[in-house]
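This is what each chain is made of:
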Amino acid sequence: MSGKVYLVGAGPGDPELLTVKALRLLAAAEVVLHDDLVPPEILRLISPSADVKNVGKRCGSKGIRQEEINFLMVTLAASGRQVVRLKSGDPLIFGRAGEEIEALRASDIEYEIVPGVTSALGAAAAAGIPLTHRRVSSTLVLTAGHRASGNDGAEWNKCAASSSTLVIYMAGTNYTETSSRLRAAGFAEQTPCAIISRATTPEQRIHRTTVSDLHRAPTLVSPTLLVVGEVVRFADQNLDHKAASLAEFEKLTAALFPGVFLPTEALQADEEPLS
């Protein structure tokens, strides 16, 4: 039997934002290699017969090297296993899917990409922020906060000049530095900003501020995104999005896939060895 790797987006956190295809693949997978940011509510949807391993890498921690993840995917698929590489958000946006695809192609391993709701879209929807608005911004730029400053400095200049919406993934907590860089790039002092923490989950928190006051922002629980631009003014000030409860979602998945998924208390350990 030929093995195959599915690069699957798990979305920003709320299990109800999974695609139907992602849900079906989790039910059928023989092996799941998942990111550290994929929440337990989604891991509980994996088939109880699957081998599950956490291969996440977080900033500041060594974890597993990308080359090891590539080797696992290739080796498992070459042995005939159906492998789901489960990534938070969308696999093609800041998810190193490009590197993994290269490794799979080089080893002639069949693969398929299953898109997911990327964090920027999930966070903006949860905060009621239109990322584009015909009166103030027709361009959206997604960037990562940990990129080399020489690269994103020029990128941020273009955003300020064109009144683009800027969404910064992995923005970190050094808001004083971020505020200085935004001002240096040409963003006005009163440009509105929103820091969104744990978007689409019950732990979601939103802090609205401006470029000039960004340095006073509280440290919110990661993962966080920073949205910068005039579109933040259109945010729903009263919106307090909460993800659907796990019990409600388990009822839905049980109805769609009867007898497939584990109950809540039976979540498999992330570090179970692969056989």
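Residues numbered from 1 in each chain as written. Predicted model: local features only at pLDDT ≥ 70, side-chain atom pairs only at ≥ 80, totals over all residues. Heavy atoms only, no water.

Visitor: When you look at the side chain of Asp90 in this model, what are you seeing that I'm missing?
Guide: With respect to the helices and strands, the residue Asp90 is situated in the loop between strand S4 (82-87) and helix H4 (97-106). As a buried residue without a salt bridge, Asp90 has its nearest oppositely charged side chain in Lys87, at a separation of 9.6 Å. In terms of polar contacts, Asp90 uses its side chain to reach the backbone amide nitrogen of Gly116, at 3.0 Å. (Helix = DSSP H or I, 4+ residues; strand = E, 2+ residues; numbered from the N terminus. Buried < 20%, exposed > 50% of the residue type's maximum accessible area, 1.4 Å probe, protein only. Lys, Arg positive; Asp, Glu negative; His and termini not counted. Salt bridge = Lys/Arg side-chain N within 4 Å of Asp/Glu carboxyl O. Polar contact = N/O pair within 3.5 Å; in protein donor to acceptor, adjacent residues only side chain to side chain.)

Visitor: Looking at this model, I keep getting lost on the sheet that holds strand S1 (residues 4-9). Mind explaining?
Guide: Note on sheets: strands pair through backbone hydrogen bonds, and any given pair is parallel or antiparallel. Here we have five strands laid out as an open sheet, ordered S3-S2-S4-S1-S5, and parallel in their pairing. Strand pairing shows two members of the sheet lacking a second neighbour, strand S3 (51-54) and strand S5 (111-114), which therefore form its edges. Geometrically, the sheet is characterised by an average inter-axis angle of 15 degrees between neighbouring strands, direction not taken into account. Inspection of the sheet shows strand S2 (residues 31-34) paired to S3 by four bridges, in the parallel sense. Residue pairing for S3: Val31 is matched across the bridge by Asp51. (Pairing = 2+ DSSP bridges. Axes fitted to C-alpha atoms, helices over the stretch in contact; angles between N-to-C directions.)

Visitor: What am I meant to see in H4 here?
Guide: Note that an α-helix has 3.6 residues per turn; residues three or four places apart therefore point the same way. For H4, the full list of buried residues reads Ala97, Glu100, Ile101, Ala103 and Leu104. On an axial view of H4, the arc spanned by its buried residues comes to 160 degrees, and they lie on one face. Residues of H4 that are exposed and angled more than 90 degrees away from the buried face: Glu102, Arg105 and Ala106. Among the structural elements, S1, helix H3 (66-78), S4 and S5 are those in contact with the buried residues of H4. At the exit of H4 stands Asp108, carrying a positive phi of roughly 60 degrees. (Arc of directions from axis to C-beta. Contact = heavy atoms within 4.5 Å.)

Visitor: Which parts of the structure should I look at to understand H3?
Guide: Its 13 residues place the ends of H3 18 Å apart at the C-alpha level, agreeing with the 18 Å of an ideal helix rising 1.5 Å per residue. Those residues of H3 not exposed but buried are Gln66, Ile69, Asn70, Leu72, Met73, Val74, Leu76 and Ala77. Each element contacted by the buried residues of H3 is listed here: S1, S2, S3, S4 and H4. Where H3 ends, the next residue or the one after it, Gly80, has phi of about 100 degrees, a positive value. (Expected span 1.5 Å × (residues − 1).)

Visitor: Sorry, what's going on with the sheet that holds strand S8 (residues 192-197) here?
Guide: The five strands are arranged S6-S7-S10-S8-S9 in an open sheet whose pairing can be described as mixed. On the outer flanks of this sheet lie strand S6 (140-144) and strand S9 (205-210), each paired with one strand and no other. On average, each strand axis in the sheet is inclined to that of its neighbour by 20 degrees, with strand direction left out of account. As defined by bridge partners, S8 adjoins strand S10 (residues 224-228) across five bridges and the pair is classed as antiparallel. From the neighbouring strand, Cys193 faces S10, where its bridge partner is Val228. Those strands touched by helix H7 (residues 175-185) are strand S7 (165-169), S8 and S10, and its axis lies near 25 degrees from that of S10.

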